[in-house]
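Listed below are the residues making up each chain.
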Amino acid sequence: MQKITASLKPAEVEKKWIVVDAENAVVGRLATFIAMRLRGKHRPDYTPHVDCGDFVVVINADKVKFTGKKLDDKVYYRHTGHPGGVKETTPRKVLGGRFPERVLEKAVERMLPKESPLARKQLTHLLIYNTGEHPHQAQNPEVVDFAGRNAKNIRSL
């Protein structure tokens with residue numbers, strides 16, 4: 001009797017669509033859940049080099065919460081590419097700005113593998129909306145109760 005590790009082929013992958021409501025959800029906990037789903041690590045037949053994750057639709061992304069004083073104390077850095085071009089901002093400024101969904105998008109992006117074509121492809125399967133509606137009803141997405149999984153997943157304040 002041989003012991004063989006089953007490796008998933010790209011043609012054998014069946015992708016599901018899930019919807020997650022981000023209202024009052026803690027950013028870090030939600031980002032880890034989404035990153036696991038995008039990578040496909042929740043599947044028993046997970047294969048690291050194959051895109052076997054699901055499509056994730058996030059609604060109410062502008063209503064996410066931070067714990068503690070992270071809303072003001074956490075700092076996001078970026079560089080313009082010019083000498084002395086380090087720019088910084090806080091989550092409060094980003095959430096109050098023009099693209100509040102970037103807080104969650106960057107949190108998930110930074111939890112995926114770095115600089116790989118597979119990670120870039122998996123990140124395209126993340127669809128984030130600031131409203132409670134989304135245009136993906138034709139895919140029959142499954143609604144995931146993220147808030148009900150653990151009491152620590154949501155912040156009411």
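Residues numbered from 1 in each chain as written. Predicted model: local features only at pLDDT ≥ 70, side-chain atom pairs only at ≥ 80, totals over all residues. Heavy atoms only, no water.

Colleague: Looking at this model, I keep getting lost on helix 4 (residues 102–109). Mind explaining?
Modeller: Think of an α-helix as 3.6 residues a turn; residues three or four steps apart then line up on the same face. Val103, Leu104 and Val108 are the residues of helix 4 that are buried. Seen from one end, helix 4 has its buried residues packed into an arc of 125 degrees, which puts them on one side. At its buried positions, helix 4 is contacted by helix 1 (27–39), strand 2 (55–59), strand 3 (76–79), helix 3 (91–95), helix 5 (117–123) and strand 5 (126–128). (Buried < 20%, exposed > 50% of the residue type's maximum accessible area, 1.4 Å probe, protein only. Helix = DSSP H or I, 4+ residues; strand = E, 2+ residues; numbered from the N terminus. Arc of directions from axis to C-beta. Contact = heavy atoms within 4.5 Å.)

Colleague: I keep staring at helix 1 and nothing clicks. Help me out?
Modeller: Helix length check: helix 1, at 13 residues, gives a terminal C-alpha distance of 18 Å against a target of 18 Å (1.5 Å per residue), a fit within 8%. Listed as buried for helix 1 are Val27, Leu30, Ala31, Phe33, Ile34, Ala35, Arg37, Leu38 and Arg39. Of the surrounding secondary structure, the elements contacted by the buried residues of helix 1 are strand 1 (17–21), strand 2, helix 4, helix 5, strand 5 and strand 6 (142–144). Backbone geometry just after helix 1 places Gly40 at a positive phi near 95 degrees. (Expected span 1.5 Å × (residues − 1).)

Colleague: Quick question: what am I supposed to make of the sheet that holds strand 5 here?
Modeller: Through backbone hydrogen bonds, the strands of a sheet pair up, either in parallel or in antiparallel fashion. Taken together, the four strands give an open sheet; going across it, the order is 5-2-1-6, and neighbouring strands pair in parallel fashion. This sheet does not close on itself; its edge strands, each paired only once, are strand 5 and strand 6. On average, each strand axis in the sheet is tilted by 25 degrees relative to the strand beside it, whichever way the strands run. Note that strand 1 and strand 2 share five bridges and pair parallel. If you follow Val19 over to strand 2, its bridge partner there is Val57. (Pairing = 2+ DSSP bridges. Axes fitted to C-alpha atoms, helices over the stretch in contact; angles between N-to-C directions.)

Colleague: Mind showing me how you'd approach the side chain of Arg43 here?
Modeller: Looking at the secondary structure, you find Arg43 in the loop between helix 1 and strand 2. Arg43 gets classed as buried once you look at its relative accessible area, which sits at 17%. The residues contacting Arg43, other than those within four sequence positions of it, are Leu8, Val13, Glu14 and Cys52.

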